Amino acid sequence: MDWNDMRRQWRAAPEAALPRERLIAEVEARDRKLRGIVRRRDWLETGVAVAIAPVFAWQAWRLAERAEWVGFVFCALIVAWIGFVPIKLWHARRALPTPRHDAPLAEYLDAERGAMLLQARMLEQAWLWYFAPFMVGIAGLVFSISGVNLKTVLYTGSIAVFCVVMSYVNRIAARTAFRDHADAIARQINELDGEST
Amino acid sequence: MTSTAEIDFATLVRENEAALVRLARHYAAPADWQDLLQEMHLQLWRSYASFDGRAALSTWVYRVALNTALSHRRKPAPVHQTLDRVAEPADTGGPGDPLALLETFLSTLDPVQRAVLLLDLEGLTREEIAEVLGTSANAVAIRMTRLRQAFEARFLESR
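The structure displayed is predicted, hence computed values, not measured ones.

Moving on: the overall build of chain A. If you tally the helices and strands in chain A, you get six helices and zero strands. For chain A, whose C-alpha radius of gyration is 26 Å, the value lies well above the compact-globule estimate of 16 Å for 197 residues. C-alpha atoms of chain A, sized along the principal axes, occupy 90 × 45 × 25 Å. Looking at chain A residue by residue over its 197 residues, the buried ones come to 20%.

What follows is about the confidence of the model for chain A. The share of residues in chain A with pLDDT of 70 or more is 94%, and the mean pLDDT across the chain is 89. The spread of mean pLDDT over the elements of chain A runs between helix 2 (residues 20-65) of chain A, the lowest at 86, and helix 5 (residues 126-146) of chain A, the highest at 94.

Moving on to unusual backbone geometry. One non-glycine residue, A:Ala67, adopts positive backbone phi at about 60°. Mapped onto the elements, A:Ala67 comes out in the loop between helix 2 and helix 3 (69-95).

This paragraph deals with the nonpolar core. Judged by nonpolar contacts, the single largest core of 53 residues is most densely connected at B:Leu23, B:Ala24, B:Ala65 and B:Leu66. Split by domain, this core shows at least three residues from each of two domains, domain 1 (1-88) and domain 2 (91-159) of chain B. Apart from residues no more than four positions distant in its own chain, B:Ala24 is found in contact with B:Trp33, B:Leu36, B:Leu37, B:Met40 and B:Ala69. In this structure, A:Phe56, A:Ala60, A:Cys75 and A:Ile138 belong to the second largest nonpolar core, which totals 13 residues.

Cut-off values and rules
Residues numbered from 1 in each chain as written. Chains lettered and ligands numbered in written order. Predicted model: local features only at pLDDT ≥ 70, side-chain atom pairs only at ≥ 80, totals over all residues. Helix = DSSP H or I, 4+ residues; strand = E, 2+ residues; numbered from the N terminus. Rg over C-alpha atoms; globule rule 2.2 N^0.38 Å. Buried ≥ 20, exposed ≤ 12 C-beta atoms within 10 Å, placed from the backbone. pLDDT = per-residue confidence, 0-100. Core = buried A, V, L, I, M, F, W, Y, C linked by C-beta atoms within 7 Å. Domains from an automatic or database assignment. Contact = placed C-beta atoms within 7 Å.

Right, here's the structure in full:
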């Protein structure tokens, strides 16, 4: 059997196709479902921010009324953080390069790798834009309202530990979910480049 | 999408379905090649409106399918497998069958090399394969020669 026979046999195996109506219906349903998931995630983030922000805004207002300016500053920091997080996530998602599925493989892999590295950096820097402002805000608010004592130190300490652990988990996720894949894609790009030489 | 476009899309998929199924089977685990096939349909559907005719339609279909397949491989494999899906047999004969050997050979290749061989088996020319991969026809020719030599060496060994 020569290579042309092999090709013919390869393509000879019959493969069933879906009926037209079912194909279109299934594709449309899947498309709607995936778009729905993205919309719900965006709304959930915004919804959580809208639900929590008034609580801290009201607290900030009360602190300002009592001229407790240190507490007010930390409370305002938390309110700003609550508003900033969904906006940051929204912008970051839209800034991600979307690989075009109809691009040549080399171009597609390059865009996919770029998107993975951006997401990895975002997770690695979560301590800076997510956990640190929250921790500073909560600690400052607690100490300014209740003073420095064993109870407040233990409370803020436990929050600090939680933030450190979560930052570490994010760094691991960045490595396993994105950087390892980005490395694998880089190897595939090298493989393609190797073909070009 | 208009109904005319829907008909064109359905025709496009029907004409290429066999090749899409073969690609899906060779880039997904036995339990989830149908998920990959659905993903290919979805990405073809989403990209169809932006098809600008610069590439041949068949080349364009392979681009979308292959890019989707390579991304799919990076997703975690499904943990649960139903028995009927696991038990699906490959469309090949016994151990001495050249197609069975080819299947085994394909499974040992990395995703990029596998793409070159699969596209060649689907009957694409070197130029068309180069267009799908974004590389040169010369590079494809060199790679194909190496792959065929490697396969034939293995094929002859087992005879």
